[in-house]
Amino acid sequence: MFLDLPAYMLQEQDAHAAEMERTFIAIKPDGVQRGLISEIVARFERKGFKLVAIKLVVPSKDFAQKHYHDLKERPFFNGLCDFLSSGPVLAMVWEGEGVIKYGRKLIGATDPQKSEPGTIRGDLAVVVGRNIIHGSDGPETAKDEIKLWFKPEELNTYTINSEKWVYGAN
């Protein structure tokens, strides 16, 4: 029986991984230019989330318009798209239980002045026009944004040793 335990644990981990949700997180040009990549990535890692895709890109204005399509009628739309396409963006996909909801809490309110201390925006941003980071706001948005920014073959599926310590699958 003892010899079967590792195989059982791997099966349990595979089943657990299938239940995990994914979210899209982007460090915007201001966050990249200010050297905040490692600080932001570390916060997600310390929480216990798993990075499954990452790339540094300079999106075109057309691409930025696709990303922010839901804000097309807002007066700030063009400025927002100009900003997103103004420099490198670190696009990422994070995986974990509750990663969408908790990722938003970790990020903080859209307006940094309304963000709680301890959040990324609350600690690192000052004005709404330079709020450092974007995170998907729900499961459908996450799926759409991941599909927009990443090809399926760019998404990784793997198990890390810390998962049993984060989720208690042992």
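Residues numbered from 1 in each chain as written. Predicted model: local features only at pLDDT ≥ 70, side-chain atom pairs only at ≥ 80, totals over all residues. Heavy atoms only, no water.

Enquirer: What am I meant to see in the confidence of the model for the protein chain here?
Expert: On average, the protein chain scores 90 in pLDDT, and the residues at 70 or more come to 88%. In the model, residues 1-11 has pLDDT below 50 throughout and makes 1 contact with residues more than four positions away in sequence or in other chains. Low pLDDT, under 50, characterises residues 13-17; the stretch is placed with 3 contacts to residues that sit more than four places away or in other chains. (pLDDT = per-residue confidence, 0-100. Contact = heavy atoms within 4.5 Å.)

Enquirer: What is the right way to read the pattern of salt bridges from this model?
Expert: Side-chain pairing between opposite charges can occur once the charged atoms of the two side chains come close. All told, the structure shown has 9 salt bridges when counted by the stated rule. When the shortest N-O distance is used, the salt bridge between E95 and R22 registers 2.8 Å. Here R22 lies in strand β1 (residues 21-27) and E95 lies in strand β3 (residues 89-96), a separation of 73 residues in the sequence. Since its relative accessible area comes to 8%, E95 is described here as buried. Classification of R22 by relative accessible area gives partly exposed; the value is 22%. As a salt-bridge pair, K61 and D82 come within 2.8 Å of each other at their nearest N and O atoms. Pair noted here: K61 is in helix α4 (residues 61-67) and D82 is in helix α5 (residues 77-84), with a separation of 21 residues, a long-range link. What makes K61 partly exposed here is its relative accessible area of 32%. The exposure class of D82 is partly exposed, given its relative accessible area of 39%. (Salt bridge = Lys/Arg side-chain N within 4 Å of Asp/Glu carboxyl O. Helix = DSSP H or I, 4+ residues; strand = E, 2+ residues; numbered from the N terminus. Buried < 20%, exposed > 50% of the residue type's maximum accessible area, 1.4 Å probe, protein only.)

Enquirer: How should the sheet that holds strand β4 (residues 133-135) be read in this particular structure?
Expert: Strand-to-strand pairing in sheets goes through backbone hydrogen bonds, with the strands running parallel or antiparallel. Judged by pairing direction, the sheet is antiparallel, and its 4 strands sit side by side in the order β2-β3-β1-β4 without closing on themselves. Every other strand in the sheet has two partners, leaving β2 (50-57) and β4 as the edge strands with one partner each. With strand direction ignored, the average angle separating the axes of adjacent strands in the sheet is 15°. In this sheet, β3 lies alongside β2 in antiparallel orientation, the contact comprising 7 bridges. (Pairing = 2+ DSSP bridges. Axes fitted to C-alpha atoms, helices over the stretch in contact; angles between N-to-C directions.)

Enquirer: I tried to follow the packing of helix α3 (residues 37-47) against helix α6 (residues 99-107) on my own but got confused; where do I start?
Expert: Any two packed helices are characterised by the angle at which their axes cross and by the distance between the axes. The geometry of α3 relative to α6 is characterised by a closest axis approach of 11 Å and an angle of 135° between their N-to-C directions. Comparing the axis directions of α3 and α6 gives the class oblique. Both α3 and α6 take part in a crossing whose hand is right-handed. Each of R43, F44 and K47 in α3 lies in contact with α6, whose residues at this interface are Y102, G103, L106 and I107. Grouping the constituent residues of the contact of α3 with α6 by class yields 4 nonpolar, 1 polar and 2 charged. (Parallel < 35°, antiparallel > 145°, perpendicular 65-115°, else oblique. Left-handed = near helix turned anticlockwise from the far one by under 90°. Nonpolar A, V, L, I, M, F, W, Y, C, P; charged D, E, K, R; others polar.)

Enquirer: So what exactly am I meant to see when it comes to the packing of aromatic side chains here?
Expert: Aromatic rings considered in pairs are described by the distance between their centres and by the relative angle of their planes. As enumerated under the stated definition, the model contains 5 aromatic pairs in all. On the basis of an interplanar angle of 25° and a centroid distance of 5.1 Å, the ring pair of F24 and W149 is categorised as stacked. Of this pair, F24 sits in strand β1 while W149 sits in helix α8 (residues 139-149), and the two are 125 residues apart along the sequence. Relative accessible area serves as the criterion here: at 0%, F24 is assigned to the buried category. Here W149 falls in the buried class, since its relative accessible area comes to 4%. Look at F44 and F49: their rings are 6.4 Å apart centre to centre, the planes differ by 45°, and that puts the pair in the tilted class. Looking at F44, the relative accessible area reads 0%, which means it is buried. Classification of F49 as buried rests on a relative accessible area of 6%. (Phe/Tyr/Trp six-rings, centres within 6.5 Å; stacked < 30°, edge-to-face > 60°.)

Enquirer: Got a minute to help me understand the nonpolar core in this structure?
Expert: Proteins that are soluble and globular tend to have nonpolar side chains buried together. Grouped together as the largest cluster of nonpolar side chains are 21 residues, with contacts concentrated most on I40, F44, W94 and I133. Of all the elements in the fold, those that place two or more residues in this core are β1, α3, β3, α6 and α7 (120-124). In terms of residue count, α6 provides more of this core than any other element does, 4 residues in total. Setting aside residues up to four positions removed in sequence, I40 forms contacts with I27, I120, L124, I132 and I133. (Core = buried A, V, L, I, M, F, W, Y, C linked by side-chain atoms within 4.5 Å.)

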